[in-house]
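The residues making up each chain are set out below.
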Amino acid sequence: MPFTSFAFILFLAIVVTVYYVTPKRWQWVILLVASYVFYLFAGARFVPYLVFTTLTTYGAAIRLDRINKQYNAQLQSPAHELPREDRKVLKIAAERRKKRVLTLVLLLNFGLLAFVKYFNFIGDNINALLADLGAGAAAPQLGLLLPLGISFYTFQSMGYIIDVYRGKYEPERNPAKLALFISFFPQMVQGPIGRYDALAPQLAAPHSFDYERAKQGIQLIIWGYFKKLVIADRAAIFVDQVITYYTAYTGLYIPIAIILYAVQIYTDFSGGIDIATGAAQILGIDLAANFRRPYFAQTIAEYWRRWHITLGAWMRDYLYYPLALSKGLARIGKWLRKKVNNRFGVLFPALMAEAVVFLVIGIWHGPAWKYIAYGIYYGLLIVLGMLLQPLSEKATAALHIKTDCFSWRLWRVLRTFALTCFGRYLTRAPNLGDSYQMMKLTVTEFNPGILLDGSLYTLGLDAKNIRLLFAAILVLLVVSILQEKGYHIREKLQEQNLVFQWAIMLAGIFAVLIFGTYGSGYDATKFIYELF
């Protein structure tokens, strides 16, 4: 049931109606039923994966809580008699038992994710290696299909179990409520990745219909459809034509397609998130922000704090900090401070943690070497940025560059955007070999004449559609600039007369209906990150 389908709009309308007419104590049940119905539309064969993650997460959390309670009971019972050393032994024993539980549930769920997502990829590479060595193919190829949202709900549920292990909050004792937290339907397609303490209380809480919240949710959904159907899916026609036949479209055709792909993937992903966030908002639930105008970032590090925010936050809390603060890296860093360079030794744990995080982010995106290269690329940029920062600051000072002016900020924004576009060469091409060829063909032919001779109008979009695409991008740019300056458009709209508010909303709906890319012969259903 894609977000861009009429079936989803009808489904959401039915869910909202039933949700608000249901007694408040049972509203969360309606959400659970709706979430599993939504998931069933993706395919009943995928439901066991979701149930498996839910049950293993629930069982592990309860087991962790039981270990904690047993440990506390042992301490409190003969507290005045228990020696300090015995308390230490009990604590170590309890921690070991908890680690075993945590390790098991992480292995089960990340192992399942790795199996369905990467088994055939690993098998292909083993077979290719064996073929190069003159041996026959050995690894079987399985007809595995990737369950909808498995990367997102696996990370969300594993974040929850790690937090329970750390004692951040008590485990959820109602398995059905935990199932709702893991399966809440607006975020099943492509996130955002929720945190239990922020999302679960909202899902369980009673809600009364709020006209203003519902109206704001509808506005956000319309904006999401505008980004997805008017911009992303229109840009996709041009991008697909050039990238599919890149050997015929050399020179400037390729970087223009890559820039449009950068726009496409942003409007596709953030548009889907807007639809999900708006749908949840109508139900009285606030999802975590996942984007904050990433192409206005002035550094690559800032870009990743603005792009796919919930994935970055997950990596920070559950991978980066444990690695950067680990005793092993601390020992190596201490040795490097003495033997190599003090600053490098201080930075070493953070550098290694960043490199691992971005390698994992690359692998998370998909089973292909191009995604691994994508992660390595960003890891190198982040690491080099950290190492070269003092040199950059010295050069800026030596050249007497003003850093508090618009031109300097604009340069940094354009530089960062160019670096992100280079990364798009890696992910948009079919494979790494094609990525290299596209980069090569970009610089080996100089054809600026295509900007003026009408050639760009022969790539799936005529002149009218090209102008419409750039007009829509201009609207997005203006809105983004206003938001960046702190201008809250929806709040300002709320201050206007009701007739004006609905006139703007209806104009948005008609813009999507008239200018959206959909209909017979065109599939406007797939979101890019749905495939990740």
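Residues numbered from 1 in each chain as written. Predicted model: local features only at pLDDT ≥ 70, side-chain atom pairs only at ≥ 80, totals over all residues. Heavy atoms only, no water.

S.K.: Report on the domain arrangement of the protein, specifying residues and quantitative values.
M.R.: One frequent convention defines the size of an interface as the accessible area lost when the parts assemble. Each assigned domain of the protein is listed here: domain 1 (6-209) and domain 2 (221-451). Computed from C-alpha coordinates alone, the two centres of domain 1 and domain 2 are separated by 28 Å. Opposite the 34 residues of domain 1 that make contact, domain 2 presents 35 residues. Taking both sides of the interface into account, the surface hidden between domain 1 and domain 2 amounts to around 2800 Å²; carbon and sulfur atoms contribute 68%. On the domain 1 side of the interface with domain 2, the three residues burying the most area are Phe155, Gln190 and Pro192, jointly 20% of the side's total. Of all the elements in the fold, those that place two or more residues in the side of domain 1 that touches domain 2 are helix 1 (6-21), helix 4 (84-132), helix 5 (150-166) and helix 7 (196-204). Of the residues belonging to the side of domain 1 that touches domain 2, the class tally is 22 nonpolar, 8 polar and 4 charged. (Domains from an automatic or database assignment. Contact = heavy atoms within 4.5 Å. Buried area = accessible area lost by both parts, 1.4 Å probe. Helix = DSSP H or I, 4+ residues; strand = E, 2+ residues; numbered from the N terminus. Nonpolar A, V, L, I, M, F, W, Y, C, P; charged D, E, K, R; others polar.)

S.K.: I'd like a description of the nonpolar core, backed by residues and values.
M.R.: In globular proteins that are soluble, nonpolar side chains generally tend to be buried together. Counting residues in hydrophobic clusters, the biggest one holds 138 residues, and the most contacted among them are Phe8, Phe38 and Phe238. Among the elements that take part in this core, helix 9 (residues 253-282) stands out by supplying 18 residues, more than any other. Split by domain, this core shows at least three residues from each of two domains, domain 1 (6-209) and domain 2 (221-451). Residues within four places of Phe38 in sequence aside, it is in contact with Met1, Phe3, Phe8, Phe11, Leu148, Phe185, Met188 and Val189. (Core = buried A, V, L, I, M, F, W, Y, C linked by side-chain atoms within 4.5 Å. Buried < 20%, exposed > 50% of the residue type's maximum accessible area, 1.4 Å probe, protein only.)

S.K.: So what's going on with the side chain of Lys370? Residues and values would help.
M.R.: Take Lys370: it is sitting in helix 14 (residues 369-398). One buried charge, Lys370, has no salt-bridge partner; the nearest side chain with opposite charge is Asp434, at 8.4 Å. (Lys, Arg positive; Asp, Glu negative; His and termini not counted. Salt bridge = Lys/Arg side-chain N within 4 Å of Asp/Glu carboxyl O.)

S.K.: Break down the confidence of the model for the protein for me, citing the residues and quoting the values.
M.R.: Taken over all residues, the pLDDT of the protein has a mean of 91, while the share at 70 or more is 96%. Taken element by element, the protein is modelled with least confidence in helix 18 (residues 489-494), mean pLDDT 84, and with most confidence in helix 6 (residues 175-183), mean pLDDT 97. (pLDDT = per-residue confidence, 0-100.)

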